[in-house]
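# Structural description and commentary
Residue-level listing of the chains:
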Amino acid sequence: MAVSRGIHFFQNPGPTNIPDRVLRAMDRGTIDFTGAQFKAIAEECFAGLKRIFKTRQTILGYAASGHGAWEAALVNLFSPGDKVLVVETGYFSLNWGMRCEAFGLEVETLGNDWRNAADPAALETRLRDDREHAIKGVLVVHNETSTGVVHDVAALRRAIDAAAHPALFLVDVISSLASMDFRMDEWGVDVVVAGSQKGLMLPTGMAFTGVSAKALAAAADAKLPRVYWDWRRLVEGSSQAVWNGTIPVHFFYGLQEALHMLEEEGLDNVFARHHRLAEATRRAVRVWRQNDGPETFAVDPRAQSDSVTAVLTPEGYDANKVREVCLSKFNVSLGGGLGPLQGRVFRIGHLGDLNEPMILGSLAAVEMALELTGVPHGKGGVAAAMDYLVHEA
Ligand code: PLP
């Protein structure tokens, strides 16, 4: 295998680049997690997370990847046979729904073509039809990482309210938190599912749920079996009092530093930076689209994600070949297509600890890989991205 030199450009939509500051913060000895020193760090971290989630309600942490927080939400809120409505957005929405089925829930899917955002009017109509209020939960993925489509959570909340439906509102923010605006309390979200390895710039392995008072009340009556995830064991008042097992102290060191970085930059500036780098990426893809080349998978410009762009290759051209060349020749790692999009899209992640030269370098590698793999495309995508960054951003 050829030896790679220089920086590995990690352009996946998560995990993301871990900043040196976070790595250095984690490069410390263990401390007693029952002591006052750790308690102060944990309190600071949960207070910081509340500002990122934009909530005054409860946030819980687990040693787990996002899948764990998905599961925690389900087992705490529902009883066998309960019906949930999965708002289809792409691979991750269906995957969450699959887990509901595994726990014996009845799953209904509000269908969607994946290239457009879920329609709040369709949600409202479906909920109005549910006169008996059989639907106990509505599940939405804010930013569908498999497609690069972002969903209007506030509008989906308004749809639930317009139907005067009491269902719990569960939102996965795994690839949007700390990259795009999200407001748990203002948008009336009952359970927020988040992970460490994307906008929070940490390694994979810590997951979080934001839990509303309504969701905590539902958890008191829910009948699905649970131990590790059991909010009744973990929460005291409105904060986490118990951690099952050994606390991952090093994650807290890293989280504390990541929160410092986000707050130094200012959340609004973090979102603006993500938007700038995402738009530069979209400008490049728009040029590649010439000559019947690749296109942005997300159709509606208003729903194009600021954390990931899925790029659809022309029919008959394997998106994985483009990825392989990027990695083997240029040391640039992209995300692949998931589920039915396997081989059809490659995904450029532009979230987390990232700046202009990093995204331009990655776009240059993609443009070279299109040429090397014989995928038809327009030339000058990188120049268009530079032009946008200089004159319009
Ligand atoms: N939900 C979304 C939107 C995701 O992007 C991912 C992972 O990329 C997951 C859930 C699963 O999270 P994890 O891989 O941390 O278990």
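Residues numbered from 1 in each chain as written. Predicted model: local features only at pLDDT ≥ 70, side-chain atom pairs only at ≥ 80, totals over all residues. Heavy atoms only, no water.

In terms of helices and strands, the chain carries 13 helices and 16 strands. Radius of gyration (C-alpha) of the chain: 21 Å, near the 21 Å computed for a compact globule of 393 residues. In terms of principal-axis extent, the alpha carbons of the chain reach across some 60 × 55 × 40 Å. A buried classification covers 58% of the 393 residues belonging to the chain. Intrachain contacts of the chain at a sequence separation of at least 6 include 74% that bridge at least 24 residues. Charge centroids of the chain, computed over 38 positive and 47 negative side chains, lie 1 Å from each other. (Helix = DSSP H or I, 4+ residues; strand = E, 2+ residues; numbered from the N terminus. Rg over C-alpha atoms; globule rule 2.2 N^0.38 Å. Buried < 20%, exposed > 50% of the residue type's maximum accessible area, 1.4 Å probe, protein only. Contact = heavy atoms within 4.5 Å. Lys, Arg positive; Asp, Glu negative; His and termini not counted. Charge placed at Lys NZ, Arg CZ, Asp CG, Glu CD.)

Ordered by their spatial adjacency, seven strands build an open sheet running β2-β10-β9-β8-β5-β3-β4, and the pairing between neighbours is mixed. Each of the sheet's edge strands pairs with one partner strand only, and the pair in question is β2 (58-63) and β4 (106-110). Taking the axes of each pair of neighbouring strands and ignoring which way they run, one obtains an average angle of 20° across the sheet. Here strand β3 (residues 83-87) runs beside strand β5 (residues 135-141); their pairing, made up of four bridges, is parallel. In the strand pairing of β5, Val86 is matched with Leu139. Strands β2, β9 (191-195) and β10 (206-211) of the sheet are contacted by helix α2 (residues 36-53), whose axis makes an angle of about 115° with β2. Seen against the sheet, helix α3 (residues 66-77) touches β2, β5, β8 (168-172), β9 and β10 and runs at an angle of roughly 160° to β9. (Pairing = 2+ DSSP bridges. Axes fitted to C-alpha atoms, helices over the stretch in contact; angles between N-to-C directions.)

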